[in-house]
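What follows is each chain in one-letter form.
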Amino acid sequence: MKHIPTLVKRELSAYFFGPMAFLILLAFQAIAWMNFYDLLDRLVRNPSTLSGVLDPLNFYISRSITFWIALMVAIPALTMRLLAEEKRSGTIETLLTVPVTETEVVVSKWIAGVAMYFALLLPFAVYLPFLYYQGNYHYDVGPLYSLTIGMTTLGMMFVAIGLFFSALTKNQIVAAIWTFATMFLLIFLAEAGYNFAVAKGSAWADVMQFLSIFYQVYTFGLGQLDLRFLAVHLSICAFMLFLTIKLVQWRRAG
Amino acid sequence: MTQFFEWMGQPEVIVLGLGTALFLALFWVVRGSPIGQATAPEPGDAPPTGYRDRLVAVAVLGFVVILAGAFVATRYGILWSIVPFVAGFGMVLRVQQVSRKYRHVSQTLRRTIEFSNTALTCTLVGGILIVGNIFAFRYGGKALDFTHDEAFTLSTLSVNAAKALERPLVFTLILGRDQGTARQRDRVRQLVDLYKAQNPEKITIKELIAFNPSQSAELDSLVKRIPDLAVSRGDVVVLEYGEDNAIERGVVPVFDLFRQQTDAGRRESEPQSSTAFSGEDKITSAIVRFREGKRTQIGFVSGHGEPPLDLLEPREMGLGLLKSRLASLGTDAVALNLLTEDVPASVALVVVVGPRTKLQDQEVARLKSFLERGGPMLVVMNGEVKTGLEDLLALHNVAFEPGLIFDAKSNVGYRADQVVTPPLSTNDHPIGQTLIGQRFFVPRSSPIKIVGSTTPKPNEPRPRVNPAIVNYPLIRTSPESWAETNLDRPSFEKGIDPVGPFLVGVTASDRSEVEAGGKLKPRMVVISSPLVALNPTLQTDPMNLDLLLNSIQWLRGKQETLGVAPKVHTAIRFTADPNLRAKLHLVPTVISVVLILGFGIITYLARRA
């Protein structure tokens, strides 16, 4: 595992040596600014909310559709090239002939992807200390901790899924489409399935709700940290990384 | 035939079938050809075909047995799964060991070794993930609560009530009947989820949408079972406890669960709004009532102009709201005519609310006899009218002082006689413990004096104090209040009108009767506002209802069922001038954009160089 820092540095350089990372960051900054504008608009209204569930702060990230759509585009864009590009350009052969293990290659790519994912969330975090200290708006910071923990494990899972699809194919677009489809399934279709199951009175409603990422992040944003969600995120992440390592090993073995 | 299909539908049979299919498929893959078909020839140094096939079969069987072990672990427990796990891993490891020496001569056995390696790694990773998830699901079912006001944490009373359920409890949320409560649904859903997390085996949650045609039959059937549902307004939570024919039911309207904190003492200009959510109290009360089973009676003294028990309209001067809330707690409120009968033995508590005329001696004697038998009493009246109960109060070291309390600052509707108490700061008494931070609306109240609590003036006779009684001051008015002695001209006259804070609620316990746990026996609670329990007052300040119910439960000796403090959510309004708002928008945005662009330009220049 001693080669991981070097490999991570190589991956991060690959991100930042091109314009793509900066463009995505600027796009996220614009979305964060729009969401913050909307948040301030909600906060200045007369407080008539009847419960913490409808606290305006929940609309900043966890209930913001623009945030989720941006994330569904950004994560596939960041992960699609991780292994697919190496395969397409043939650099994977060079990489696998140097004395590094497949595990080191996969884990370092995943760490770089997760680091990039955190960078995408930074624009959203930037506004909140200003609101608290400069705006003197003393909101409950507890839910922010649970949201941070939840978004971290969620990002780890999504990047692992993206990496797996990137290992499956040489074509970056195919990898991005599969990652996007999986995220769409987990974020929106599971939520739609839950609503459908509730409307039909189906016993699957609980299962669909549990699977819905939209619901999971909503509860994190409220200040509830369900350890089962974290366990599922980390399990899928570990499983996907394991499968990716196996794929690379099989490929190396020919 | 039916029996055969039932047998086939058993999980064990299904798993056996799947296991056999998996074995055959994997055997085919690893061996290189299906059963009954010859495999490709191998060099002469390779072991014979039969031997190779047996090794492949053992490796594949070992893997299938490991998977079967996982099924046994989930269905019968970890202990039972040890045997298949040991057998499965043993078989795979042994085959790997035996096959290794032939790996250069036999392609089949090389494939078998690869399969064994992959199978072992997969089961190891899968095992770790499954064990991690089992732990998370078994011990992490209750979400950690990160909110400052512990919005998602149930009180010990609720947790115990949910865990102690002996029969199934079904929560049915009937939603969509009222758009006004639409915003509150998520909060109610989350509350019942918290109960379910405490006892998932006994608690089930259902949702019925009122306007959903596919659920109308189920809704109609529920209305038939629970007639109260037909007359209840808005969204409701229905609780059904028990099975078969022994089901107890309760209905909790959602609009009863939320209340805007009283406007008294708070002005519109204040940039925050607090909402109390008392859902936990209402639902836990209902669960406790289900578990208690038997209904008790509370007698309300009548015949002296007391407000009627049956008036339910919020604007009518009746006690209907209190009565219906008592009913939801499993207590029946009955009117007592003490002129015609003694206090019945079935009555656990007597309540006197605002008599307007004097009670006759016979009635007072019957009340005294009830008190002497150990019966507790809740007295809700002021000193304006001589009711004949003064001696009974004096026996409990309680007396009313002259005048009515006025407060120019803490009041409702800018009317000084509509006094609101300051928020209860600290209170060691069980009645007040769940009401800390709450204000109470005590219109037309009199100051209460605890007899013997002050040193008499030089010319005053020494008061007669009942040494067996221990009094505890419950609620007081603010220091700005005064006791108006001249009601024709109600304004504060310095030197004439006594100045607050005044005691307006007091308890009396009997030290001669000590209950289990060293607690003194509750005897009496006196609240000196005759209007405190009326429908319009409870409508103005619903916290009064909690005060009354806590008092009643304490007097009944049901201290463990004293209400759960409502969860108060404070929504803060952001107040900022346009300049500050612009700064909040622009400063972080400009800093971030400059950093991103700066970093990008530096990278570009560095690469170019």
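Since this is a predicted model, take the numbers as computed values, not measurements. (Residues numbered from 1 in each chain as written. Chains lettered and ligands numbered in written order. Predicted model: local features only at pLDDT ≥ 70, side-chain atom pairs only at ≥ 80, totals over all residues.)

Caption draft 1: The arrangement of the overall build of chain B in detail. A tally of regular secondary structure across chain B gives 17 helices and 21 strands. Per-residue burial for chain B yields a buried fraction of 38% across its 609 residues. Put simply, 70% of the contacts in chain B that link residues at least 6 apart link residues at least 24 apart. (Helix = DSSP H or I, 4+ residues; strand = E, 2+ residues; numbered from the N terminus. Buried ≥ 20, exposed ≤ 12 C-beta atoms within 10 Å, placed from the backbone. Contact = placed C-beta atoms within 7 Å.)

Caption draft 2: Region of interest: the overall build of chain A. When helices and strands are tallied, chain A shows eleven helices and one strand. Helices and strands appear in chain A in the N-to-C order α-α-α-α-α-α-α-α-α-α-β-α. Evaluated residue by residue, chain A yields a buried proportion of 46% over its 254 residues. For chain A, the share of sequence-separated contacts (at least 6 apart) that also reach a separation of at least 24 residues comes to 80%.

Caption draft 3: Main features of the interface of chain B and chain A. Taken residue by residue, the interface counts 51 residues in chain B and 51 residues in chain A. Counting only elements with at least two residues in the side of chain B that touches chain A, the list comes to helix H5 (107–139), strand S1 (144–145), helix H7 (185–198), strand S3 (203–209), strand S7 (272–277), strand S21 (567–572) and helix H17 (578–608) of chain B. Per-element tally for the side of chain B that touches chain A: the top contributor is H17(B), with 14 residues. Split into classes, the residues belonging to the side of chain B that touches chain A amount to 22 nonpolar, 20 polar and nine charged. Bridge count between strand S1 (residues 224–225) of chain A and S1(B): two bridges; the pairing is antiparallel. (Nonpolar A, V, L, I, M, F, W, Y, C, P; charged D, E, K, R; others polar. Pairing = 2+ DSSP bridges.)

Caption draft 4: Main features of the environment of B:Pro422. Residues and elements named next belong to chain B. Relative to the helices and strands, Pro 422 resides in the loop between strand S15 (415–419) and helix H14 (430–433). Residues Pro 422 and Arg 476, spaced 54 residues apart in sequence, show a C-alpha to C-alpha distance of 7.7 Å. Once residues lying within four places of it in the same chain are set aside, the contact partners of Pro 422 are Ser 410, Arg 439 and Ser 478.

Caption draft 5: Layout of the packing of helix H2 (residues 20–43) of chain A against H17(B). One way to put it is that H2(A) packs onto H17(B) with a least axis distance of 10 Å and a crossing angle of 175°. Here H2(A) is positioned roughly antiparallel relative to H17(B), judged by the angle of their axes. When H2(A) is examined against H17(B), the residues A:Phe22, A:Leu25, A:Leu26, A:Gln29, A:Trp33, A:Phe36, A:Tyr37 and A:Leu40 are found in contact with a partner set consisting of B:Arg581, B:Leu584, B:His585, B:Thr589, B:Ser592, B:Val593, B:Ile596 and B:Gly600. (Axes fitted to C-alpha atoms, helices over the stretch in contact; angles between N-to-C directions. Parallel < 35°, antiparallel > 145°, perpendicular 65-115°, else oblique.)

Caption draft 6: Fine view of the packing of helix H3 (residues 65–79) of chain A against helix H7 (residues 142–168) of chain A. All names here are of chain A. Across the interface, H3 lies against H7 with an axial gap of 9 Å and an inter-helix angle of 50°. Judged on the interaxial angle alone, H7 and H3 are oblique. Like other packed secondary-structure pairs, H3 and H7 cross with a definite hand, here right-handed. Along its contact with H3, which presents Ile 75, Pro 76 and Thr 79, the element H7 presents Phe 158, Val 159, Gly 162, Leu 163 and Ser 166. Class assignment for the residues of the contact of H3 with H7 results in five nonpolar, three polar and no charged. (Left-handed = near helix turned anticlockwise from the far one by under 90°.)

Caption draft 7: Spotlight on the sheet that holds S3(B). Residue and element names in this part refer to chain B. Pairing in this open sheet of four strands is mixed, and the strands run S3-S2-S4-S5 from one edge to the other. Pairing within the sheet leaves two strands with one partner each, and these edge strands are S3 and strand S5 (246–253). Averaged over all adjacent pairs, the angle separating strand axes in this sheet is 20°, with direction ignored. Sheet topology places strand S4 (residues 236–243) next to S5; eight bridges connect them, and they run antiparallel. The residue of S5 that forms the bridge with Val 238 is Val 251.

Caption draft 8: Geometry of the confidence of the model for chain A. Mean pLDDT over chain A works out to 85, with 94% of the residues at or above the 70 mark. Taken element by element, chain A is modelled with least confidence in helix H5 (residues 91–97) of chain A, mean pLDDT 76, and with most confidence in H7(A), mean pLDDT 93. (pLDDT = per-residue confidence, 0-100.)

Caption draft 9: A look at unusual backbone geometry. Residues and elements named next belong to chain B. The amide bond that connects Gly 500 to the next residue, Pro 501, takes the cis arrangement and shows omega of 5°. With respect to the helices and strands, the residue Pro 501 is situated in the loop between strand S18 (482–484) and strand S19 (503–514). Positioned with a positive phi, Asn 397 is a non-glycine residue whose angle comes to about 60°. Classification of Asn 397 as buried rests on a count of 23 C-beta atoms within 10 Å.

Caption draft 10: Quick look at the nonpolar core. Formed by 110 residues in total, the largest nonpolar core has its most connected members in A:Val159, A:Ala160, A:Leu163, A:Leu241 and B:Val237. Considering every element that reaches this core, the biggest residue donor is H7(A), with 14 residues. Residues B:Leu435, B:Leu503, B:Leu534 and B:Met543 belong to the second largest nonpolar core, which totals 68 residues. (Core = buried A, V, L, I, M, F, W, Y, C linked by C-beta atoms within 7 Å.)

Caption draft 11: Structural context of the pairing of strand S11 (residues 377–380) of chain B. Residues and elements named next belong to chain B. Burial of S11 is two-sided: the residues Met 377 and Val 379 facing one way and the residues Leu 378 and Val 380 facing the other way are all buried. Of the strand pairs in this sheet, strand S10 (residues 347–353) and S11 are connected by four bridges, and their pairing is parallel. Paired with Val 353 across the bridge in S11 is Val 380. Once the chain exits S10 it traverses helix H12 (residues 361–372) before rejoining the sheet at S11, and the crossover so formed is right-handed. (Right-handed = clockwise from strand over helix to strand, strands pointing away.)

Caption draft 12: Local environment of H17(B). The terminal C-alpha atoms of H17(B), which comprises 31 residues, lie 44 Å apart, in line with the 45 Å expected from a rise of 1.5 Å per residue. Every buried residue of H17(B) is listed here: B:Leu584, B:Pro588, B:Thr589, B:Ser592 and B:Ile596. Along its buried surface, H17(B) packs onto H2 and helix H6 (102–134) of chain A. (Expected span 1.5 Å × (residues − 1).)

Caption draft 13: Summary view of the environment of B:Arg187. The topology assignment puts B:Arg187 in helix H7. Along the primary structure B:Arg187 and B:Phe277 are separated by 90 residues, whereas in three dimensions their C-alpha atoms are 8.9 Å apart.

Caption draft 14: Examining the confidence of the model for chain B more closely. Residues and elements named next belong to chain B. Here chain B shows a mean pLDDT of 82. Residues at 70 or above account for 91%. For chain B, strand S6 (residues 258–260) is the element with the lowest average pLDDT, namely 67, and S11 is the one with the highest, namely 93. In the model, residues 262–269 has pLDDT below 50 throughout and makes 15 contacts with residues more than four positions away in sequence or in other chains.

Caption draft 15: Region of the structure containing the environment of B:Gly127. Relative to the assigned elements, B:Gly127 resides in helix H5. Put simply, B:Gly127 and B:Leu67 are 60 residues apart on the chain and 10.0 Å apart in space, counted from C-alpha to C-alpha.

Caption draft 16: A look at the pairing of strand S2 (residues 169–175) of chain B. All names here are of chain B. Of all seven residues making up S2, five are buried, and the element is well covered by its neighbours. Note that S2 and S3 share seven bridges and pair parallel. Across the sheet, the residue bridging to Leu 175 is Ile 209, located in S3. In this structure, S2 lies alongside S4, joined through six bridges in antiparallel fashion.

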